[in-house]
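A look at the structure
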Amino acid sequence: MKKYVTGLINNNWFFVSLLIFSAVLPLSEGLVSIAAAIVLIVSALEDTWKNKWDRITKRKVILLIPVIFLLYLISTLLTLKQDKSFYDLQKTLFYLVFPLSFSLGKEINARQKRFVFYVFGVSVFVAIVTAMWQWKFGKTEEGAFTVHNISLISHIRFSFQLILILWFFIFLLQKNSKQIPTLVKASLLLLIFTYLGYLLFQQSLTGVIALGGSLIVFLVYLVTRVKAEWQVPMVVVLLLILFVPIIYVKKVVNNFYNIEKISPEELDRTTQKGNLYWHDFDSPLVENGHYVYLFVCEDEMREAWNKLSEFKYDSTGVNGYPVSSTLIRYLTSKGLRKDAVGVASLTTADRANIENGIANVIYTRKFSLYPRIYQTLWEYYVYTETGNSNNQSFSQRIEYARAAITIIKKNWLAGVGTGNWKTAFADAFRENNAQLDQDRYASSHNQYLNYMVKFGIPGFILIMFLLIFPIIKTRRYKDPFFLLFLVFMLLANFADSNLESHMGSSFFFFFYCLFVTTDGTHYLEIDKSRKE
């Protein structure tokens, strides 16, 4: 064992620092900063400066990435008058740290590169186990989408890590199917399904869409590689993967918009106890096709609910909303009237759901994407019917994008800079008459729009060139694994500004630099890389 480890490390402490970083990446944002510093320090101190200069000369194309950091730095210094914050600059330090580290650091051979992914895969698995333990036995926040909060880092950023390591082991199996023993194959397949299962469990739509896009590209890749007799079945599978999700989403949409037809004249005016119902015919809000504010008798609900629960009707629930509001929506979602009879029809499980802030019975489905899709549709419906986007992830993204486009139209040439984008967005929200609380103001949750807001369209084009050119120059696009990495990050950046977040940029630029500065694809082939 000692001989194996010594041979693997091969006096390459830069490789050891990469192992440390890959190990902490799924576990802790704080540790990521420390590990990144270790990577940079080791790359600067290890080996002679002559050898470092030789490596810099060989890998100089990767140093185009720090030019983006210089853009942020110059823009911040020129436009810092209003917001007076180096916030953006802090978030983009990884544009500088990893390209410098990988240009200075010792060569990483194929076996070492593969081992980085092994360590990363084990760490991702540990993060899953830890998160599931906390969810099952720990003290976690209750509510409809608490699975978003159980991961040790952002669930969106963790979904990217899951996708990357999932594809690594798929390619490893594909490239080494004859060499890998059956028991090891079974273990790897189990691991792959664990990663996939957790990705679906944590219900990140961004992650699921990113995975779907990379899956389509992978199948196209396979179609070009398989024998002629397998091409037709592969195309069929590809078409199924394209159309089955579309059909499924269409079904959810149809179910959502299958809203009950009402005739005000025919509605009951009193409850079974003889009390008057309140019918708000102007409210468009619905749950599972039923109008929320029809058949409402608050006096009966209050009395009946207060007898059932310690969470009183007029108190604030664990989700920060009134218990009464959650109760009304939940009763509506079950097709029950909002009166004493409706409350009496609730089961013990229903009562616990309401106490935990769950406003719709659909949200109790823990191992399904249906609730997440339904929630997105509900947010969009409320937004289109009322214009209010507060506390709604999808609707807020629409307002953020509208504001970004407003800014870009006025500042398309040079952008507003990184020093005062907050002020620009605040002005745009007011100009657009956005129904959005000031504490909800934020930049566009779209990396490409954010670049255009801050640097203009020419700046955006320059940044895209600086990111893409190293891939073309080194011809690393021939590595299908790297290509899938780029595809799912390309898609994910439409839904979030991942390259301006601590965990998003650290993840992307670490693996981007690892792929671009190391040769070939034989790191995925165990027999070939063992010889190094």
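For the structure itself, consult the block above.
A brief structural summary.

When you go through the protein chain residue by residue, the secondary structure sums to 23 helices and two strands. Computed over C-alpha atoms, the radius of gyration of the protein chain comes to 27 Å, within 12% of the 24 Å expected from 2.2 N^0.38 for 532 residues, which places it in the range of a compact globule. For the protein chain, the spread of C-alpha atoms along the principal axes amounts to about 90 × 60 × 45 Å. For the protein chain, buried positions account for 51% of its 532 residues. Per element, the accessible surface of the protein chain, about 25,300 Å² overall, is 63% carbon and sulfur. Here the protein chain carries 54 positive and 40 negative side-chain charges, and the mean point of each set is 14 Å from the other.

Looking now at the pattern of salt bridges. For the structure on display, the rule yields 18 salt bridges. Note that Lys307 and Glu303 form a salt bridge whose closest N and O atoms lie 3.6 Å from each other. One end of the pair, Lys307, and the other, Glu303, are both in helix α13 (residues 298-308), four residues apart, so they sit about a helical turn from each other. One salt-bridge network, held together by shared partners, links Lys58, Arg59 and Glu107.

Let us look at the side chain of Thr79. With respect to the helices and strands, Thr79 occurs in the loop between α5 (65-78) and α6 (87-91). On the basis of relative accessibility, which here comes to 16%, the residue Thr79 falls in the buried class. Among the polar contacts made by the side chain of Thr79, one reaches the main-chain carbonyl oxygen of Ser75 at a distance of 2.5 Å. Beyond its immediate stretch of four places on either side in the chain, Thr79 contacts Val416, Gly417, Thr418, Gly419 and Asn420.

Now for the nonpolar core. Membership of the largest hydrophobic core comes to 115 residues, with the highest contact counts inside it found for Phe98, Phe481, Phe485, Phe507, Phe511 and Tyr512. Ranked by residues supplied to this core, first place goes to helix α9 (residues 155-175) with 14 residues. Not counting the four nearest positions on each side in its chain, Phe511 is found in contact with Leu25, Phe117, Phe120, Leu164 and Phe485. Counting 29 residues, the second-largest nonpolar core is a separate cluster that includes Val343, Ile354, Ile358 and Ile362.

Where α9 meets helix α21 (residues 480-492), the closest approach of the two axes is 10 Å, and the angle between their N-to-C directions is 160 degrees. By the angle between their axes, α9 is roughly antiparallel relative to α21. Handedness of the crossing formed by α9 with α21: right-handed. Within the contact between the two elements, α9 uses Phe160, Ile163, Leu164, Trp167, Phe168 and Phe171 and α21 uses Pro480, Phe481, Leu484, Phe485, Phe488, Met489 and Ala492.

Here we come to unusual backbone geometry. Of note, the phi angle at Gln203 is positive, near 55 degrees, even though the residue is not glycine. Looking at where Gln203 falls in the secondary structure, it is placed in the loop between α10 (182-201) and α11 (205-225). A relative accessible area of 3% means that Gln203 is categorised as buried. With a phi close to 55 degrees, Asn433 is a non-glycine residue in the positive phi region.

A few words now on the environment of Lys60. Looking at where Lys60 falls in the secondary structure, it is placed in the loop between α4 (49-58) and α5. Residue Lys60 is classed as exposed on the basis of its relative accessible area, which comes to 55%. As for Lys60 and Asn255, which are separated by 195 residues in sequence, their C-alpha atoms are 55 Å apart.

So, about the environment of Val253. Within the element layout of this structure, Val253 appears in helix α12 (residues 228-256). Through-space distance from the C-alpha of Val253 to that of Thr76 is 44 Å; in sequence the pair is 177 residues apart.

A few words now on helix α2 (residues 13-24). Its twelve residues place the ends of α2 17 Å apart at the C-alpha level, agreeing with the 16 Å of an ideal helix rising 1.5 Å per residue. Listed as buried for α2 are Phe14, Phe15, Val16, Ser17, Leu18, Leu19, Phe21, Ser22 and Val24. Two or three places before Phe14, at the opening of α2, Asn12 has a side-chain oxygen 3.2 Å from that residue's backbone nitrogen.

What follows concerns the environment of Leu436. Looking at the secondary structure, you find Leu436 in the loop between α19 (421-431) and α20 (447-474). The exposure class of Leu436 is buried, given its relative accessible area of 7%. For Leu436 and Leu45, which are 391 residues apart along the polypeptide, the C-alpha to C-alpha distance reads 50 Å.

Okay, α9 next. Taking 1.5 Å of rise per residue, 21 residues should cover 30 Å, and α9 covers 30 Å from first to last C-alpha, within 8% of that figure. When you tally the buried positions in α9, you get 18 out of 21 residues, the bulk of the element.

Okay, the side chain of Thr376 next. Note that Thr376 resides in helix α17 (residues 370-386). Residue Thr376 is classed as buried on the basis of its relative accessible area of 13%. A polar contact of 3.0 Å, which involves the side chain of Thr376, links it to the backbone oxygen of Arg372. Setting aside its immediate chain neighbours within four residues, Thr376 contacts Leu205 and Phe394.

What follows is about the packing of α12 against α17. Their axes nearest at 10 Å, the elements α12 and α17 cross at an angle of 50 degrees. Here α12 lies oblique to α17, going by the angle between them. Note on packing geometry: the crossing formed by α12 with α17 is right-handed. Where α12 abuts α17, its residues Tyr248, Val249, Val252, Val253, Asn255 and Phe256 lie against Tyr370, Ile373, Tyr374, Leu377, Trp378 and Tyr381.

Judged by side-chain polarity, Val235, Leu239, Leu242, Phe243, Ile246 and Ile247 come together as a nonpolar surface patch covering roughly 530 Å² of accessible area. Within the fold, Ile246 resides in helix α12. Owing to a relative accessible area of 51%, Ile246 belongs among the exposed residues under this scheme.

Basis of the calculations
Residues numbered from 1 in each chain as written. Predicted model: local features only at pLDDT ≥ 70, side-chain atom pairs only at ≥ 80, totals over all residues. Heavy atoms only, no water. Helix = DSSP H or I, 4+ residues; strand = E, 2+ residues; numbered from the N terminus. Rg over C-alpha atoms; globule rule 2.2 N^0.38 Å. Buried < 20%, exposed > 50% of the residue type's maximum accessible area, 1.4 Å probe, protein only. Areas by Shrake-Rupley, 256 points an atom, 1.4 Å probe, with all protein chains shown as cover. Lys, Arg positive; Asp, Glu negative; His and termini not counted. Charge placed at Lys NZ, Arg CZ, Asp CG, Glu CD. Salt bridge = Lys/Arg side-chain N within 4 Å of Asp/Glu carboxyl O. Polar contact = N/O pair within 3.5 Å; in protein donor to acceptor, adjacent residues only side chain to side chain. Contact = heavy atoms within 4.5 Å. Core = buried A, V, L, I, M, F, W, Y, C linked by side-chain atoms within 4.5 Å. Axes fitted to C-alpha atoms, helices over the stretch in contact; angles between N-to-C directions. Parallel < 35°, antiparallel > 145°, perpendicular 65-115°, else oblique. Left-handed = near helix turned anticlockwise from the far one by under 90°. Expected span 1.5 Å × (residues − 1). Patch = residues over 30% accessible without salt bridge, like charges linked within 9 Å, V, L, I, M, F, W, Y side chains within 5 Å.

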